[in-house]
Each structure stands twice: as C-alpha cells, then as structure tokens.
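As a plain string of letters, each chain reads:
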Amino acid sequence: MQTAILIVGIGTLGIISYGDVRSRRIPNVLSLAIAILGLAHLAIANDVVAASRTVVAAAVTFVVSFLLFWRGVIGGGDAKLLAAVVLLIGHQEVLGFLFLMSLCGGVLALAILARDKLRPRLFSLLRLTSVPSAKPPGCSVVPSRSTVPYGVAIAASGAITLILEASFAR
C-alpha cells in the first residue's frame, strides 16, 4: 500500500507541475488529493506520535505559507500544496524537503531569468534573418515581470524526497 501511495503521489505531483507551468494555477482538488494521500500514509504507518508531529508540522507550514501568500510572496495554490506535501512526506523529512525546495526554486528562477534576458536577443536575431514567425503567437511585447511557477519546485522536491525516503527505508 505504501508503494501505491508513493506512485500516486509522484504522479499527482507531476500533474501539478505541468499544470502550474501551463497556467500558473494549482487546482484545489490536486492539493487535496496530496493531503489525503498524506493522511492515508499516516494511518497506514500506525504511529500516533509521528502522525501528530506531522499534522503539527503541516499546520505550521500552512500558517507560514498563508502569511507569505497574504503578503503576495507566493500564490495561494503554492501555500496549500506546501502544507499538503508536508503531510505526505512526514515531519522527519521537512527540513530536507524545504532545503531541496529552495534549491529547485532557485534553479527555476534562474532559468526563467535567463529566458527573459535571452528572449529579446533571440527575437531580434530571428528578425534579422527574416524568419516570419519571429514573435511568439499572440505576443506583441515581452512581459515586463515574469512569474516563477513555484508549484514546480514544491512538487519536484516533494517527489525527490518521497523517492529518497522510499529508497533509504529499504
């Protein structure tokens, strides 16, 4: 059963990543699915102390991430997903998960920054070579402020943490 939770969890995190890249939205139903998987994982483990610590860690994570959402630092979907992933990975892995998430988020932000810096140069180069589709479809100018789909960093670090946790448990 633990393996099924792992597989479904990683698959759901993959769907969340794809959707966040495409639309910058994380559906509530997918965050809820991750939270339910986390609760099922806790129930199967049959350890009341670990379960209560994990629930407290998820609640604290939700409060902190909600405050970040309230200040406009992260999106609401990111806040909910972060707490749900903490439920899934367990309290023992939270610090490693947060560290890995910050690394993934940093790499993602650098990639988006590089894309934004290179895009105008690429379009001018394409215009110089007379390529008819030098502009992206439906786009007249490059947006002045890009956003980072941080759900990708949350989901990627959650999936990596789950895989590492499963491989070290053997």
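These figures come from a predicted structure and were not determined experimentally. (Residues numbered from 1 in each chain as written. Predicted model: local features only at pLDDT ≥ 70, side-chain atom pairs only at ≥ 80, totals over all residues. Heavy atoms only, no water.)

I'd like a description of the overall build of the protein, backed by residues and values.
Scanning the protein for helices and strands turns up six helices and zero strands. In sequence order, the secondary structure elements of the protein are arranged as α-α-α-α-α-α. Every one of the 170 residues in the protein was classed for burial, and the buried ones make up 34%. Long-range contacts, defined as pairs at least 24 residues apart, comprise 75% of the intrachain contacts of the protein with a sequence gap of at least 6. Element-wise, carbon and sulfur atoms account for 70% of the exposed surface of the protein, whose accessible area totals about 10400 Å². (Helix = DSSP H or I, 4+ residues; strand = E, 2+ residues; numbered from the N terminus. Buried < 20%, exposed > 50% of the residue type's maximum accessible area, 1.4 Å probe, protein only. Contact = heavy atoms within 4.5 Å. Areas by Shrake-Rupley, 256 points an atom, 1.4 Å probe, with all protein chains shown as cover.)

I'd love a proper account of helix α2 (residues 28–45), names of residues and values included.
In this model α2 runs 26 Å from its N-terminal to its C-terminal C-alpha over 18 residues, within 8% of the 26 Å that 1.5 Å per residue would give. Residues Leu30, Ser31, Ile34, Ala35, Leu37, Gly38, His41 and Leu42 constitute the buried set of α2. Buried positions in α2, seen along its axis, are confined to an arc of 155 degrees and lie on one side of it. Seen from the buried face of α2, the exposed residues on the opposite side, beyond 90 degrees, are Val29, Leu32 and Ala43. (Expected span 1.5 Å × (residues − 1). Arc of directions from axis to C-beta.)

Please give an account of the environment of isoleucine 89 that cites residues and values.
Relative to the elements of secondary structure, isoleucine 89 occurs in helix α4 (residues 76–89). For isoleucine 89, a relative accessible area of 1% gives the class buried. Distance in space between the C-alpha atoms of isoleucine 89 and leucine 162 is 6.3 Å, their sequence separation being 73 residues. Residues contacting isoleucine 89, with those up to four places away along its chain left out, are Val94, Phe97, Gly158, Thr161, Leu162 and Glu165.

I'd like a description of the packing of helix α1 (residues 2–23) against helix α6 (residues 150–168), backed by residues and values.
The interhelical angle for the contact between α1 and α6, taken along N-to-C directions, is 160 degrees, at an axis separation of 8 Å. As summarised for this structure, α1 and α6 are arranged roughly antiparallel, according to the angle between their axes. Both α1 and α6 take part in a crossing whose hand is left-handed. Counting all contacts with α1, which are made through Leu6, Ile10, Leu13, Ser17, Asp20 and Val21, the residues of α6 involved are Tyr150, Gly151, Val152, Ala155, Gly158, Ala159, Leu162, Ile163 and Ala166. (Axes fitted to C-alpha atoms, helices over the stretch in contact; angles between N-to-C directions. Parallel < 35°, antiparallel > 145°, perpendicular 65-115°, else oblique. Left-handed = near helix turned anticlockwise from the far one by under 90°.)

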